[in-house]
Amino acid sequence: MSGGGARAAYQVGVLRAVAETLPRETKNPFPIICGTSAGAINALAIAGRAGPFSLRIKKLEAIWRQLDAEKVYRTDFIGVFKNSLNMLMSFFHSGYAIGRPKALLDNTPLKELLDNYIRFRHIDEAIANGELEAVSITAMSYSSGKSVTFFQGGDHIQPWQKTRQVGLQTELTINHLMASSAIPIMFPALKLEEHYFGDGAIRQLKPISPALRLGAEKIFVIGVSDSRILNQGLPPSLNEHSPSIAQIIGHMFNSAFIDTIESDLETLNNINRLSQNMTASERERKGLSDLKPIKYLAILPSQSINRIASDYLDELPKSIRLFLRITGATTRGGGVNAASYLLFCRGFCRKLLELGYQDGLAQREAILDFFEGGE
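From a predicted model like this one, the values you see are computed outputs, not experimental measurements.

A.B. asks: Account for unusual backbone geometry, with residues named and values stated.
C.D. replies: In this structure, R164 takes a positive phi of about 60 degrees despite not being glycine. Counting through the fold element by element, R164 comes out in the loop between strand 4 (160-162) and strand 5 (165-169). Since its relative accessible area comes to 38%, R164 is described here as partly exposed. For E193, which is not glycine, the phi dihedral falls at a positive 60 degrees. Mapping E193 onto the fold places it in the loop between strand 6 (190-192) and strand 7 (195-199).

Put into structure tokens, the structure is as follows:
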């Protein structure tokens, strides 16, 4: 599950459709669970709870249905203004950047919410009883610039280190989760041991890679992009003015949270086509014995999330609306992209939950084939 801030509500809607498609007694259909940023929150909300899969998703959906901005970040005018001022001053004086990491918003409420909900001790129990093979979340190291995947799993899973990618076995905690979901500028970086980490989507060029390295042989992907809409030929909204700051930030966020997973899926699809056209002996002869097709199912929104977000901007707290208006994060300013990541509001989240649920039901046969159709 990829990141995307409030857009991740869509993932839970899809998971509800999966839960209703599979037998009610299903404990956990995903032996390996990987998430980044807001997707990491959903991943650990599944791995860090006991009981049938349908019950876990029902409880997770209840959280998203009752979610509002105040439960994710502080929204008071004084706090937002003070954080904004500190961020601005840090551009001109290095002393303001020393100490507590600077960010526009204080996400302490989210930490308290997740720490009370996720049962981290259950992860070890699930691994020990064979219900779960591994769970991972990815963060970005500000020290090395590498994409670091923190995973908890069986002893047979070995850490890895590749170009810009590191896999570290550890006992996952709330701090790993907050680091993975620390959207730059919006939320403060978090210190893990001696290094500061931020949102894992920023340098995760191959978001599917952790699942494969943990042993997955087929992949279930839930995206949060609008590419399915754009690929149908619907023109994007046009602006007759230069891009606003929010519009620029929105495209930067999209490049991290959306574009990489789409690019990785294209690569996976090309590898599948190549490997399927070669016999095992041919792959062996050409030194490509490790090249094999990977079955996958990707479910993407059937409606534009940006267009949905434009209908719910008024649900944001006044302090956040003022900041977004100043930076151009409005429909007319072309910055709804950026605003959608912060729209932790009941109307928007419930709309995405329902959209994900309907998109999941529309793929019911594909879901059944994914879980029952073998490799």
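A.B. asks: Before we move on, can you summarise empty space enclosed by the protein with the specific residues and values?
C.D. replies: Following the criterion strictly, the structure yields 3 cavities of 30 Å³ or more and no others. Taken as a whole, the largest cavity spans an internal volume of roughly 210 Å³. In terms of lining, the largest cavity is formed by 18 residues, of which the most central are I41, W64, L110, L114 and F344. Within the residue set of the lining of the largest cavity, elements represented by two or more residues are helix 2 (38-47), helix 3 (53-65) and helix 5 (108-117). Counting residues per element, the lining of the largest cavity draws most heavily on helix 5, which supplies 4 residues.

A.B. asks: For the environment of L342, give the residues involved together with the corresponding values.
C.D. replies: Here L342 shows up in the loop between helix 14 (336-340) and helix 15 (346-362). Expressed as a C-alpha distance, the spacing of L342 and A69, which sit 273 residues apart in the sequence, is 7.9 Å. When neighbours within four sequence positions are excluded, L342 is seen to be in contact with Y73, L105, M186, F187 and L316.

A.B. asks: Go over the pattern of salt bridges, please, and point to the residues and values.
C.D. replies: Summed over the entire model, instances satisfying the criterion amount to 6 salt bridges. One network of salt bridges, in which partners are shared, links R16, E20, E61 and R65.

The rules behind these values
Residues numbered from 1 in each chain as written. Predicted model: local features only at pLDDT ≥ 70, side-chain atom pairs only at ≥ 80, totals over all residues. Heavy atoms only, no water. Helix = DSSP H or I, 4+ residues; strand = E, 2+ residues; numbered from the N terminus. Buried < 20%, exposed > 50% of the residue type's maximum accessible area, 1.4 Å probe, protein only. 1 Å grid on protein atoms, 1.4 Å probe; cavity = no way out; pocket = protein on both sides within 12 Å on 5 of 7 lines; lining within 4 Å. Points joined across faces, edges and corners; volume = space filled by probe spheres on them. Contact = heavy atoms within 4.5 Å. Salt bridge = Lys/Arg side-chain N within 4 Å of Asp/Glu carboxyl O.

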